[in-house]
Amino acid sequence: MNIPSMPICPMRSIISTLQRAEQRLGKRYFATEAPLGGAYIGSQYWPLLYTIERLNMPSDWSFADLGSGLGNIAFPAATHFKAVVGFELDTALFHEAERCRQELGFANIQFRQDDFLYADLSDFNVIFFFKPFVLRFVELMHHKMQELRPGTRVIANTINYERARIFDPRSFEQIFEIDDQLALRSDAERYATYLKVDS
Ligand SMILES: C[S@@+](CC[C@H](N)C(=O)[O-])C[C@H]1O[C@@H](n2cnc3c(N)ncnc32)[C@H](O)[C@@H]1O
C-alpha cells in the first residue's frame, strides 16, 4: 500500500537544521567578530511567532533581523513574511546561516555580512533584535531606531531597563508585550513590540 507522504512541519525541519549547524560550530554562546563586543546566543522562536500572530502582521511585509546569528529568528520569520533579511557580521555564523538557508530551500531570506548600524533600514516593515553587542549598546541602538520611518514595528528582545532607554516615548509607542503567563515558560518577558510613530 502506498502511504501518502505527510507534509513536514517547517519548524521541525528548521529546528533540526539549526541544531546540526550549532553542532558544527561546537558552541552555543560566544563572542563574535562583530565590533563593540558582539555576542552570540540564539533566540527562541515561539515568542516571535506568537507576536506576529497576535498583532496580525500581514504576510506581504518585509522583516529584518539585526544580528541574525544562525537564523533562529530569520527562518521562523520567513515562514510568514514574504522577504526576510538577516544582517550578521561574524563570518562563521554568516556562512552557517547561508548553508542552512540552502539546505532548507528558503528563497525569501537573504543573509548579508553587513554592519546593520550602517544599513538603510527604511524598507523594512518589521525589525527584530536580540542584544547584538554590549558596548554603547543603548546609545547606538537609540540612534539607529530614530532613523526608522514611521509605521515600522520593532520587536525587541532585551531587558526592560534597556528598552526604556532605546525607545524614546516621543517617537515610539509600545504596542505589545508577551504577558506574564506566557513569560513563565521562558525568559520571553523581554519580547516587546514598538511602533514608530514619529520621525
Ligand atoms: C545575541 S545574537 C542574536 C542572534 C539572532 N538574532 C537570534 O535572536 O537568534 C546577536 C548577533 O548579532 C551580531 N552582530 C552584532 N553586532 C552586529 C552588527 N553591527 N552588524 C551585524 N551583526 C552584528 C553578532 O555577531 C551576533 O551573532
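Residues numbered from 1 in each chain as written. Predicted model: local features only at pLDDT ≥ 70, side-chain atom pairs only at ≥ 80, totals over all residues.

A. Region of interest: helix 1 (residues 10-25). The terminal C-alpha atoms of helix 1 lie 23 Å apart, and with 16 residues this matches the ideal 22 Å at 1.5 Å per residue to within 8%. Of all the residues in helix 1, the buried ones are I14, L18 and A21. The buried residues of helix 1 occupy an angular sector of 55 degrees when the element is viewed end-on, so they sit on one face. Relative to its buried face, helix 1 has exposed residues pointing more than 90 degrees away, namely R12, S16, Q19 and Q23. At its buried positions, helix 1 is contacted by helix 3 (74-78) and helix 4 (91-104). (Helix = DSSP H or I, 4+ residues; strand = E, 2+ residues; numbered from the N terminus. Expected span 1.5 Å × (residues − 1). Buried ≥ 20, exposed ≤ 12 C-beta atoms within 10 Å, placed from the backbone. Arc of directions from axis to C-beta. Contact = placed C-beta atoms within 7 Å.)

B. Expanded view of the sheet that holds strand 6 (residues 126-130). One open sheet accounts for seven strands, arranged 5-4-3-6-7-9-8; its pairing is mixed. Two strands close off the open sheet at either side, each with one partner strand: strand 5 (109-112) and strand 8 (172-177). On average, each strand axis in the sheet is inclined to that of its neighbour by 20 degrees, with strand direction left out of account. Note that strand 6 and strand 7 (residues 153-157) share five bridges and pair parallel. Within strand 7, the residue paired with F130 across the bridge is N157. Running at roughly 165 degrees to strand 5, helix 4 makes contact with strand 4 (83-87) and strand 5 of the sheet. (Pairing = 2+ DSSP bridges. Axes fitted to C-alpha atoms, helices over the stretch in contact; angles between N-to-C directions.)

C. Highlighting the packing of helix 1 against helix 4. Across the interface, helix 1 lies against helix 4 with an axial gap of 10 Å and an inter-helix angle of 145 degrees. As for the relative orientation of helix 1 and helix 4, their crossing is right-handed in sense. Counting all contacts with helix 1, which are made through S13, I14, T17, L18, A21, R24 and L25, the residues of helix 4 involved are A92, E96, R99, C100, E103 and L104. (Left-handed = near helix turned anticlockwise from the far one by under 90°.)

D. A look at the site of the ligand. Residues in close proximity to the ligand total 26 residues, the closest being T32, A34, S43, G67 and G69. Looking at the shell around the ligand residue by residue, the class counts come to 13 nonpolar, eight polar and five charged. (Near = placed C-beta within 6 Å. Nonpolar A, V, L, I, M, F, W, Y, C, P; charged D, E, K, R; others polar.)

E. Structural context of the environment of Y40. Structurally, Y40 is set in strand 2 (residues 39-40). The buried category is assigned to Y40, around which 21 C-beta atoms lie within 10 Å. With sequence-adjacent residues up to four places away left out, Y40 is seen in contact with Y29, F30, T32, G69, D90 and L93.

F. Spotlight on the environment of A39. Note that A39 resides in strand 2. In this structure, the C-alpha to C-alpha distance between A39 and G67, residues 28 residues apart in sequence, is 9.4 Å. Filtering out sequence-adjacent residues up to four positions away, A39 remains in contact with A31, T32, F133 and V134.

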